[in-house]
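# Structural characterization, general
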Amino acid sequence: MASLVAYEDSDSEAETEPGGGGNAADQAADCSGVALSPGPGVISGAAEATFEGTQCMEPSPCADPGQCRLPLAWLWGSEPGCGPSPRLQWPGKEPVATTPAWVPSRPLSLWASCAPAGPKPLATTDLQKQLQASWDAPSPSFWAQDEAVATGNSAGSLHRRRNEDCVVPYTPKRLRQRQAAGTGPCQEPPGPPEGSAPAPLCVAPGVSESIQPHLNSPRKETRVPRTVLCHLWGHKGPVNSIQWCPVPAWSQLLLSASMDRTFKVWDAVDSGRCLQTYSLHREAVRAARWSPCGQRILSGGFDFALHLTDLETGTQLFSGRSDFRITALKFYPKDHNIFLCGGFSSEIKAWDVRTGKVVRGYKATIQQTLDILFLQEGSEFLSSTDASTRDSADRTIIAWDFRTSAKISNQIFHERYTCPSLALHPREPVFLAQTNGNYLALFSAVWPYRMSRRRRYEGHKVEGYAVGCECSPCGDLLVTGSADGRVLMFSFRTASRACTLQGHTQACVGTTYHPVLPSVLGTCSWGGDIKIWH
């Protein structure tokens, strides 16, 4: 039996006729040798085509739709080249009304996953077009029979078929619950447009009732927090850092910087609400710091911009532009008008907000500054860099003299790991360095800055994240985040693990103790949420 298969890109004589011409015998030549039976997916009946008889029968109503087989038209989608051919369309007009609700919808792209690559046979394409026509052209008689049944559910069926190819974004369960309730802990006022001046920060007058009893009382021992006091949602990107307000009377305020190009001020103790959102940057905000007076916020981001914002008026007291992306900011302890700025550069710069100019520069053979830490009340400071080699980490931590810009030492840390964050102990002359070797290293804060070989705090994971670490106000506990979302606390004296909290679903990159309230801890994660523990 001679093959009647011709490819679309060939010069065969099978495509010599125009699309609208041909008789019944010519139409039968395009049909394959597949016998079709009408099924419940076809409204009036399917076309019956046989190769030997070379004739195509007119559509006939199905006597028992329940016994009909599943039509092969379900195997084809609506991609280009699969529509009904003008030669194979059934006579009659398409009904305007919708299909009955019980008719199952077509699969989205089952044909696309089963179709072979390359040119398709013409007979296969025409058979596909014929079966597509049988799906889209219901019989008027059958429609009239079930019109009353389809009227009630036609809207739902149309909605389902219209949204077959739509991709619905996933909404977390916690967010769905808050939307259903109409309230949530992150109900915040809408922020100003990007680049515009923010509104003044509205803070209740007086001291918070939660903080007032602890202001004049002696500091209590820090205990391990175990319960979540509030869960703050509002950032649309990873939260890089958080910091409590350094003024004890306003220490209920929490500052957060995020990759969503904003930084926010929260009432994280009393109400758990966002008080103000600042959209001053065009790219991610990598660093944001409270001024020591608690009335200003210094921010820097990947857009090379520096802003000093007054919270009471919402105005910009200082705006500058660096020549590199900013990752670290620290105020000079002896003069709050001067701050250090580091980032994707081999140089750390000291800015004066009164003149808006760079007053000093600290240059080393590095590529990036990861963190900055002041020692000895500001006469010296440490910088953590990305410089490391295979066998040692020369220049990983550098000690600088602030006034002369001279290097005091660059042979502090001799292991082959970088240190994304540094933390100073509140009572003893030592500091901590978070390493990418998945442990916390302890160093002396006086020259020659020796590393302790007896105490090492390990058990968490860093894995390239800028995971922060901090000491408790009493100095007895150390806290660090982890790349797997955990929060780990260690005993400072024994280096043993005191507690492990299952904090976040993504990497926990920031941890900070409250400066006044005992046993209150704030954590932030790469997932964009903030938790306050008690």
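Notes on the structure follow. (Residues numbered from 1 in each chain as written. Predicted model: local features only at pLDDT ≥ 70, side-chain atom pairs only at ≥ 80, totals over all residues. Heavy atoms only, no water.)

### What about the sheet that holds strand β19 (residues 407–409)?
Working definition: the strands of a sheet are paired by backbone hydrogen bonds and lie parallel or antiparallel to each other. Pairing within the open sheet is antiparallel, and its four strands lie in the order β16-β17-β18-β19. In this open sheet, the two strands that pair with only one neighbour each are β16 (369–375) and β19. Going across the sheet, the axis of each strand differs from the next one's by a mean of 30°, ignoring polarity. Bridge analysis of strand β18 (residues 397–401) against β19 gives two bridges, and the strand direction is antiparallel. Counted as the bridge partner of A399 is S409 from β19. (Pairing = 2+ DSSP bridges. Helix = DSSP H or I, 4+ residues; strand = E, 2+ residues; numbered from the N terminus. Axes fitted to C-alpha atoms, helices over the stretch in contact; angles between N-to-C directions.)

### Examining the packing of aromatic side chains
Taken as a whole and judged by the stated rule, the model has 18 aromatic pairs. Taken together, a centroid distance of 5.8 Å and an interplanar angle of 80° make the contact between F413 and F443 edge-to-face. A residue pair is termed long-range when its members are at least 10 positions apart, and F413 in the loop between β19 and β20 (421–424) and F443 in strand β22 (residues 439–444) qualify at 30 residues. Each member of the pair, F413 as well as F443, carries the same accessibility label: buried. Taking NZ or CZ as reference, R455 lies 4.8 Å from the ring centre of F492, over its face. Stacked on the ring of Y439, the Lys or Arg R456 has its end atom at 3.9 Å from the ring centre. (Phe/Tyr/Trp six-rings, centres within 6.5 Å; stacked < 30°, edge-to-face > 60°. Buried < 20%, exposed > 50% of the residue type's maximum accessible area, 1.4 Å probe, protein only. Lys NZ or Arg CZ within 6 Å of the ring centre and 35° of its normal.)

### Observations concerning empty space enclosed by the protein
According to the stated counting rule, one finds one cavity of 30 Å³ or more in the structure shown. As a volume, the largest cavity reaches approximately 50 Å³. What lines the largest cavity is R219, K220, T222, P473, C474, Y513, H514, V516, L517, P518, S519 and V520. (1 Å grid on protein atoms, 1.4 Å probe; cavity = no way out; pocket = protein on both sides within 12 Å on 5 of 7 lines; lining within 4 Å. Points joined across faces, edges and corners; volume = space filled by probe spheres on them.)

Interpretation note: all reported values are geometric properties and have no functional meaning in isolation.
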